[in-house]
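# Architecture and fold: a report
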Amino acid sequence: MGSRGREIVGMNVDELVMMLRKAYCDEWLAYYQYWVGAKVVKGPMKEAAIAELTQHATEELMHADMVALRIIQLGGVPVTKPEDWYKLTNCGYDAPDDPFIKKILQQNIAGEQCAISTYKKMLELTKDKDQVTYNMVLTILQQEVEHEEDLQALLEDFDLMMAAMKGA
Ligand code: MG
Ligand code: FE
Ligand code: FE
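Residues numbered from 1 in each chain as written. Chains lettered and ligands numbered in written order. Predicted model: local features only at pLDDT ≥ 70, side-chain atom pairs only at ≥ 80, totals over all residues. Heavy atoms only, no water.

### Thoughts on the side chain of Glu59
- You can see Glu59 is positioned in helix α3 (residues 46-73).
- No salt bridge is formed by the buried Glu59, whose closest oppositely charged neighbour, Lys39, lies at an N-O distance of 16 Å. (Helix = DSSP H or I, 4+ residues; strand = E, 2+ residues; numbered from the N terminus. Buried < 20%, exposed > 50% of the residue type's maximum accessible area, 1.4 Å probe, protein only. Lys, Arg positive; Asp, Glu negative; His and termini not counted. Salt bridge = Lys/Arg side-chain N within 4 Å of Asp/Glu carboxyl O.)

### Section: helix α2 (residues 13-40)
- In this model, α2 (28 residues) spans 41 Å end to end at C-alpha, consistent with the 40 Å of a helix rising 1.5 Å per residue.
- Between a side-chain oxygen at the N-terminus of α2 and the backbone nitrogen of Asp14 the separation is 2.9 Å; the capping residue is Asn12. (Expected span 1.5 Å × (residues − 1). Polar contact = N/O pair within 3.5 Å; in protein donor to acceptor, adjacent residues only side chain to side chain.)

### Let's talk about the coordination of the iron ion (ligand 2)
- Taken together, Glu27 (OE), Glu27 (OE), Glu60 (OE), His63 (ND1) and Glu144 (OE) make up the full set of protein donors to the iron ion (ligand 2), lying 2.0 to 2.5 Å away.
- In terms of primary sequence, the donors binding the iron ion (ligand 2) are separated according to E-x32-E-x2-H-x80-E.
- Between the iron ion (ligand 2) and the iron ion (ligand 3), a separation of 4.0 Å is found, and both are coordinated by Glu60. Of this pair, Glu60 and His63 both sit in helix α3, separated by 3 residues, roughly a single helical turn. Taken individually, Glu60 and His63 each receive the classification buried, so the pair is uniform in this respect. (Donors = N, O, S within 2.8 Å, 3.2 Å for Na, K, Ca; no water.)

Here it is in structure tokens:
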């Protein structure tokens, strides 16, 4: 733990760490939802979906890494037991038990929307108080916004393709 780095935080560090630990659980669950979703997904445009889901899985894992490092910098401990991910998560886990591409895209869009709301809140809470966390949260938020758009664009293409097939 960096003592001066901890001193400059203008907010309750324990509360900040708790907030980050919750986000850390979200990232692992998001990672796994994407990762396993990419394995089971079925239907038209499957290849494009696999590429996007796999890329997002990698990025969620990077987010978990960033959040873990910040927790440690602040003198906290990242969540050490996967069973606690479910207890602490903000956004939960939506199992891709229906492998249909449209369903999987919708589930992950909902997950991204929850992530966007969660990080937006964290951004407001850390603004002018902890610039280091603020900056990290902003970087992650930018990627979650990108993720949502990627999936919505994919879903739009899927719907257009299905409509075209019906019309033919
Ligand atoms: Mg992407
Ligand atoms: Fe993420
Ligand atoms: Fe994301």
